[in-house]
Amino acid sequence: RHERIALETRIRDDYGIEIHATASIDEALAPDRRGEVEAEIADLRQKLNNLGNVNLDALGELEELESRFGNLSTQFQDLTSAKESLEQIIHKINADSRRLFADTLEVVKGHFQTLFRKLFGGGQADIVLDEGVDILESGIEIVARPPGKEPRSISLLSGGEKTLTCVALLLAIFRSRPSPFCVLDEVDAALDEANIERFVA
């Protein structure tokens, strides 16, 4: 009886459950129900064990994580904004680079064609970009036709023709963007007398 009163008091204080005094202890502990009650008790104990220890610092950790999440979210927004700003700058730089490259290429191409005809005493030359490719990523092909020959890539020209073509291109670049100094070391090595005279002229 004393144990029962102590248990009723504990259940009432801990869980707020009132056990009616009319319940018979003998009925509650009848042999046919004892096994059922013990099985339920064992099941509840197993569930409590599975829960593990209660983390009493969980609320403090939650506040710390929320604060860290807020800081990281702010940093992420800053990085996202910086990324968008950089992408806009890159887009503008690429647009300006395409325009400047196209303008410079046209000027160089005009000087190259003029100087090529002077060095070869005629013929034609051109600077060709790959079609259907971004101008900043396009390959550049030098096409030359010395007098009396078919147009061909610079790689198919003779050594002297290659040298004169390269000299024409180099001087065309210097003419479009003058340089205070230009040292052409042994540029005439692959040239014969007639081509050297044209080059000197």
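Residues numbered from 1 in each chain as written. Predicted model: local features only at pLDDT ≥ 70, side-chain atom pairs only at ≥ 80, totals over all residues. Heavy atoms only, no water.

Draft legend 1. Focus on the sheet that holds strand β3 (residues 152-153). Pairing is antiparallel across the open sheet formed by three strands, whose spatial order is β1-β2-β3. On the outer flanks of this sheet lie β1 (124-129) and β3, each paired with one strand and no other. Relative to β3, strand β2 (residues 140-145) runs antiparallel, the two being bridged by two bridges. The partner of Val143 across the bridge, within β3, is Ser153. Against the sheet, helix α4 (residues 58-120) makes contact with β1 and β2, and its axis sits at roughly 160° relative to β1, the strand it touches most. (Pairing = 2+ DSSP bridges. Helix = DSSP H or I, 4+ residues; strand = E, 2+ residues; numbered from the N terminus. Contact = heavy atoms within 4.5 Å. Axes fitted to C-alpha atoms, helices over the stretch in contact; angles between N-to-C directions.)

Draft legend 2. The environment of Lys109, seen in detail. Looking at the secondary structure, you find Lys109 in helix α4. In this structure the C-alpha to C-alpha distance between Lys109 and Ile127, which are 18 residues apart in sequence, comes to 6.2 Å. Other than its neighbours up to four places away in sequence, Lys109 contacts Asp126 and Ile127.

Draft legend 3. Broad picture of the packing of α4 against helix α5 (residues 159-176). At a minimum axis separation of 8 Å, α4 and α5 run at an interaxial angle of 135°. As far as their axial angle goes, α5 and α4 are oblique. Considering the relative orientation of α4 and α5, their crossing is right-handed. Touching Val107, Val108, His111, Phe112, Leu115, Phe116, Leu119 and Phe120 of α4 are Glu161, Leu164, Thr165, Val167, Ala168, Leu169, Leu171, Ala172, Ile173, Arg175 and Ser176, all from α5. In terms of residue class, the contact of α4 with α5 is made up of 14 nonpolar, three polar and two charged. (Parallel < 35°, antiparallel > 145°, perpendicular 65-115°, else oblique. Left-handed = near helix turned anticlockwise from the far one by under 90°. Nonpolar A, V, L, I, M, F, W, Y, C, P; charged D, E, K, R; others polar.)

Draft legend 4. Structural detail: the pattern of salt bridges. Per the stated rule, a full pass over the model turns up eight salt bridges. Asp43 serves as the salt-bridge partner of Lys47, at 3.5 Å between the closest nitrogen and oxygen. A residue pair is termed a helical-turn pair when its members lie 3 or 4 positions apart in one helix, as Lys47 and Asp43 do in helix α3 (residues 31-51) at four residues. Given the relative accessible area of 38%, Asp43 is considered partly exposed. For Lys92, the salt bridge is made with Asp96, and the minimal N-O distance between the two is 3.1 Å. (Salt bridge = Lys/Arg side-chain N within 4 Å of Asp/Glu carboxyl O. Buried < 20%, exposed > 50% of the residue type's maximum accessible area, 1.4 Å probe, protein only.)

Draft legend 5. Structural detail: unusual backbone geometry. Positive phi outside glycine occurs at Glu186, with the angle close to 55°. Looking at the element boundaries, Glu186 is found in the loop between α5 and α6 (193-200).

Draft legend 6. Spotlight on the packing of aromatic side chains. Evaluation of the coordinates by the stated rule reveals two aromatic pairs. Each member of the aromatic cluster is reached from another via a ring pair, and the members are Phe112, Phe116 and Phe120. (Phe/Tyr/Trp six-rings, centres within 6.5 Å; stacked < 30°, edge-to-face > 60°.)

Draft legend 7. The confidence of the model for the protein chain, seen in detail. Here the protein chain averages 85 in pLDDT, while 94% of its residues score no lower than 70. The least confident element of the protein chain is helix α2 (residues 25-28), whose mean pLDDT is 54; the most confident is α4, at 93. (pLDDT = per-residue confidence, 0-100.)

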